[in-house]
Amino acid sequence: MPLRLLLLDDNLDDRLLARREIERHFPQCQTTEVGDRAGFERAAEAGFPFDVVITDFQMRWTTGLDVLKVVKAHEPELPVIMFTATGTQEIAVDAMKHGLDDYVVKSPRHYARLPVAVRTCLDRSEIRSRAIRSETRLAALLENIELGVFRMSLEGGLEEGNKAFWSMLGLMPGEYSKAPSHPLIAEVTKRLPELQATLDSAELQALSGDIGTGGRAHTVKLVRVRVNGHDAVDGIVEDITSLRRADLEIHRLNVDLEQRIAERTRQLQEANEALETFGFSVSHDMREPLRTIQGYANALKQDFSEGRMDQSAVYINRIEAVARRVDTMVSDLLEFARLSRTEIAIETVAIADAIEEVRAALHSEASHARAELRVDVPSGLLARAHRQTFAQALTNLVSNAVKFVAPGVTPVVGISAQQEGSMVRVTVADNGIGIAATAQARIFNVFERLHSEEEFPGTGIGLAIVKKGVERMGGNVGVSSAPGAGSTFQVELPAAEGSI
Ligand code: ADP
């Protein structure tokens, strides 16, 4: 860019000489010559669009000092050089106080210094504007970073802070009087004696409230600095709330995970133990009928060898009956095992519909026993269940209620249901033989029977199927009973949305 020069002198020859000297060194120079007040006013109105001003000291219409004041009032950074034959050292000093950049004596011998003075002024103003630019950039950066930056005296007086810093304190920029009561500043102030005494820097963490409920956490780095001859502390504050929250969340998840692992381990241990017991009772209970078959087969073999065949038909019938029983046991066991293994799809089931299914399934059994079924179930009751498993469980309960009655007693079975909070409870009550309190927990185990096959036929798996099925649907079963006073079995399942 060419040099833009404003040259003020009311002597045409002096202007010519000065211009000649400058343009010899700055060939591209665009010089605006001003010799009167009107010209100066025009330049002022235009806002002094120049890179340097050279003014004579003593002019008819003004002095160089006044020119200097006007120029600096408009453009403080615009360099002004005074060029005069009349000025004294005092004038020069006075002018310097008003911001004069250089002073050149007007004499043929000194003209050559004029371009040097211009060059020096230009270099200086370039350096100055570069410094201003980078300072502005720095200031903008400081204002816009997310780190809080502040300066404090070693005695704890807050001196300045950027936008982020004030917003971390929850204050408006400049609310110095409110800052000391903030926990972050209180924490910093506590550390100042250390910095005063020994340290050059320190780091601390400050908590403002409980971060689980809206509080914030900050780290503060403090550095002791020396500014304009006095000691101060610069601080950089970082908001680490989200980091802390993430830490807390990780911790919570870990605890949760450990709890779940412990719970899972416990469940697996229980399942293992149950499996062992199950295996034991299966092998034990299945052997019994097999031994019976073996016994009859031996008896047959012996009779055959002795030529006695009168009891053969009885033995063969018993073998057949026991074999049938083993077959039923095996298929019931398979049903039980299937329940533990297969996925069951939970859906919304109307209790009344499921009970109708049970009634249909047990029709011949119930009418054979002349049983009376009394059903009292509101039609709007809905449960979350696997329809087939639910119907199977109810069928087993009602079937037992019909079966376990004293000889000669007509079975009366009451089936009712109602909603209890978030659960639906179905009860099956009978007028049967009842169950001793000590046996009530065991009867839900596989093969657990309280009576002989002759008294009441069965395999002892029905209630195990009820328990397993209901638990897999998120429910529970229970019984209340006393010998001779009938039994009441309850099944609870989660109520479905819309259930009344
Ligand atoms: P099963 O009916 O094949 O014997 P369950 O598992 O259904 O097998 O029942 C286990 C035992 O619990 C029965 O043998 C019986 O002793 C007892 N029990 C079950 N239901 C009743 C009931 N309603 N009244 C009295 N005792 C019952």
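Relevant structure appears above.
It should be emphasised that the depicted structure is a prediction, and the values quoted were computed from it without experimental measurement.

The rules behind each value
Residues numbered from 1 in each chain as written. Predicted model: local features only at pLDDT ≥ 70, side-chain atom pairs only at ≥ 80, totals over all residues. Heavy atoms only, no water. Pairing = 2+ DSSP bridges. Helix = DSSP H or I, 4+ residues; strand = E, 2+ residues; numbered from the N terminus. Axes fitted to C-alpha atoms, helices over the stretch in contact; angles between N-to-C directions. Near = heavy atom within 4 Å. Polar contact = N/O pair within 3.5 Å; in protein donor to acceptor, adjacent residues only side chain to side chain. Areas by Shrake-Rupley, 256 points an atom, 1.4 Å probe, with all protein chains shown as cover. 1 Å grid on protein atoms, 1.4 Å probe; cavity = no way out; pocket = protein on both sides within 12 Å on 5 of 7 lines; lining within 4 Å. Sits in = over half its atoms within 2 Å of the grid points. Nonpolar A, V, L, I, M, F, W, Y, C, P; charged D, E, K, R; others polar. Buried < 20%, exposed > 50% of the residue type's maximum accessible area, 1.4 Å probe, protein only.

**Side note on the sheet that holds strand β16 (residues 476-481)**
Strands pair in a sheet through their backbones, by hydrogen bonds, and they do so in one of two ways: parallel or antiparallel.
And step 1. With respect to topology, five strands assemble into an open sheet ordered β12-β14-β15-β17-β16, the strand pairing being mixed. Looking at which strands have only one partner, the edges of the open sheet turn out to be β12 (372-376) and β16. Ignoring strand direction, the axes of neighbouring strands in this sheet form an average angle of 15°.
And step 2. The sheet contact formed by β16 and strand β17 (residues 487-494) spans six bridges and is antiparallel. Note that in β17 the partner of Ser481 across the bridge is Ser487.

**Some words on the site of the ligand**
And step 1. Around the ligand, 20 residues are found, and the nearest of them are Asn400, Asp430, Arg449, Gly460 and Leu463.
And step 2. Take Asn400: an N or O atom from its side chain is 2.8 Å from an oxygen atom of the ligand.
And step 3. Asp430 places a side-chain nitrogen or oxygen 2.9 Å from a nitrogen atom of the ligand.
And step 4. Computed on the free molecule, the ligand has an accessible area of 530 Å², of which 98% lies beneath the protein chains in the complex.
And step 5. More than half of the atoms of the ligand fall within 2 Å of the grid points belonging to the second largest pocket.
And step 6. For the shell around the ligand, the secondary-structure elements that each account for two or more residues are α12 (387-403), α13 (462-472) and β17.
And step 7. The residue makeup of the shell around the ligand, split by class, is eight nonpolar, eight polar and four charged.

**Some details on unusual backbone geometry**
And step 1. The phi torsion at Phe48 lies on the positive side, around 50°, for a residue other than glycine.
And step 2. With respect to the helices, strands and loops of the structure, Phe48 is situated in the loop between α2 (37-45) and β3 (52-56).
And step 3. The buried category is assigned to Phe48, whose relative accessible area is 3%.
And step 4. Not every positive phi belongs to a glycine, and Phe447 is a case in point at roughly 70°.
And step 5. Along the chain, the position of Phe447 falls in the loop between β15 (423-429) and α13.
And step 6. Overall, the relative accessible area of 8% leaves Phe447 in the buried class.

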